[in-house]
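# Observations on the three-dimensional arrangement
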Amino acid sequence: MVDNFQGHSAYPVDALCVSEMNLRPGGKQCHLHNGWFICDGQRVTQPMIFPPDHPKFPDAPKGIKQVLEERGLWQAGMHLECAKHVLGLQPDFTEQKSLVQEVIEAAGHMCIFLPKFHCELNFIEFFWGAVKKYLRNHCDYTFATLKDNLPKALASVDVKTIRRWEHRMIRWMDAYREGKGTKEAQLRVKGFSSRKYSSHRRVPETVARLFDA
């Protein structure tokens, strides 16, 4: 499970991303991996790079115009922003995954992105809070010690504790599924605690352990 930190949405260097393409061939633009499109009901693989024996642009990126022309989508007089919009809406571009997602799935796991702007559904924050607490308690203010302690800090959080945080998140989800608003859902979840905290980042680990006790 991955939170929506901005860095987690970064794409691979060869990703199908129109912002990394020029309108015309060559120049300073990324070498993207092959794309695809549907023609007469058949999926057609489309290289984004000209072949080595191309007379004018050997091994050069095709650019947006050439890619759209090969797909039959280029219109005379089309401007760059319009062309970017058209190509960016094609299935192979919209299905492009982030680098984090590709790495996780390549290892045989499922990658689940937590909802944006809903910290109550993001129990990873509790995990990082516990890790940071361990690092603070074992800190001598040197980078060498930080590097040595980080694996220990990650391993210090018990799996049972993580599952309790997950169960608390499920309580929020259940409340939302019942149609409750944020305040009503918060009151239900807070019923498991006698103390109130203004920030999800400030909930002590000792209290979080009690949510499912």
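Report follows, based on the coordinates. Once a new chain begins, its residue numbering starts again from 1 and follows that chain's sequence as written. Per-residue local features are limited, in this predicted model, to residues with pLDDT of at least 70; the limit for side-chain atom pairs, both in listing and counting, is 80 or more; totals at the level of whole chains, interfaces and linings are taken over all residues. Excluded from the side-chain calculations are hydrogens and water; all other atoms, namely the structure's heavy atoms, are used.

## Some remarks on the nonpolar core
Residues grouped as a nonpolar core are buried Ala, Val, Leu, Ile, Met, Phe, Trp, Tyr and Cys residues, joined through side-chain atoms within 4.5 Å. Categorising residues by exposure relies on relative accessible area from a 1.4 Å probe, with only protein chains included: less than 20% of the type maximum marks a residue as buried, more than 50% marks it as exposed, and the intermediate range marks it as partly exposed. In this structure, F123, F127, V131, V157, W165 and W172 are the most contacted members of the largest nonpolar core, which totals 15 residues. Sorting the residues of this core by element identifies helix 5 (124-137), helix 7 (159-177) and helix 8 (182-190) as the ones contributing at least two each. Numbering of helices and strands starts at the N terminus; helices are DSSP runs of H or I of at least 4 residues and strands are runs of E of at least 2. If one sorts the elements of this core by residue count, helix 5 sits on top with 5 residues. Each residue touching W172, except ones within four places of it in the same chain, is listed here: E120, L121, T182, A185, Q186 and V189. Residues M48, I64, V67 and M78 belong to the second largest nonpolar core, which totals 12 residues. By the convention used here, residues are in contact when the closest approach between their heavy atoms is within 4.5 Å.

## Remarks on the pairing of strand 1 (residues 35-39)
Two strands qualify as a pair provided that DSSP identifies no fewer than 2 bridges between them. Relative to strand 2 (residues 42-46), strand 1 runs antiparallel, the two sharing 5 bridges. When the bridges of strand 2 are listed, F37 appears paired with V44.

## Quick notes on the environment of Q46
Among the secondary structure elements, Q46 is positioned in strand 2. Judged by its relative accessible area of 1%, Q46 falls in the buried class. Linking Q46 and E70, residues 24 residues apart in sequence, is a C-alpha distance of 8.4 Å. Those residues in contact with Q46 that sit more than four places away from it in its chain are N34, G35, W36, F37, K62, V67, E70 and R71.

## A closer look at the packing of aromatic side chains
Between the rings of Phe, Tyr and Trp (Trp by its six-membered ring), a pair exists once the centres lie within 6.5 Å; its type follows the angle of the planes, with under 30 degrees stacked, over 60 edge-to-face, and the other angles tilted. Counted according to the given criterion, the structure contains 4 aromatic pairs. Between F50 and F57, the ring centres sit 5.8 Å apart and the planes meet at 20°, which makes this aromatic pair stacked. With a relative accessible area of 22%, F57 lands in the partly exposed category. Aromatic pair F127 and W128: ring centres 5.5 Å apart, planes at 70°, arrangement edge-to-face. A relative accessible area of 17% places F127 in the buried class. The residue whose ring lies beneath R43 is W36, and the NZ or CZ to ring-centre distance is 4.0 Å. Note on criteria: charge over ring means Lys NZ or Arg CZ within 6 Å of the ring centre, with the direction from the centre no more than 35 degrees off the ring normal.

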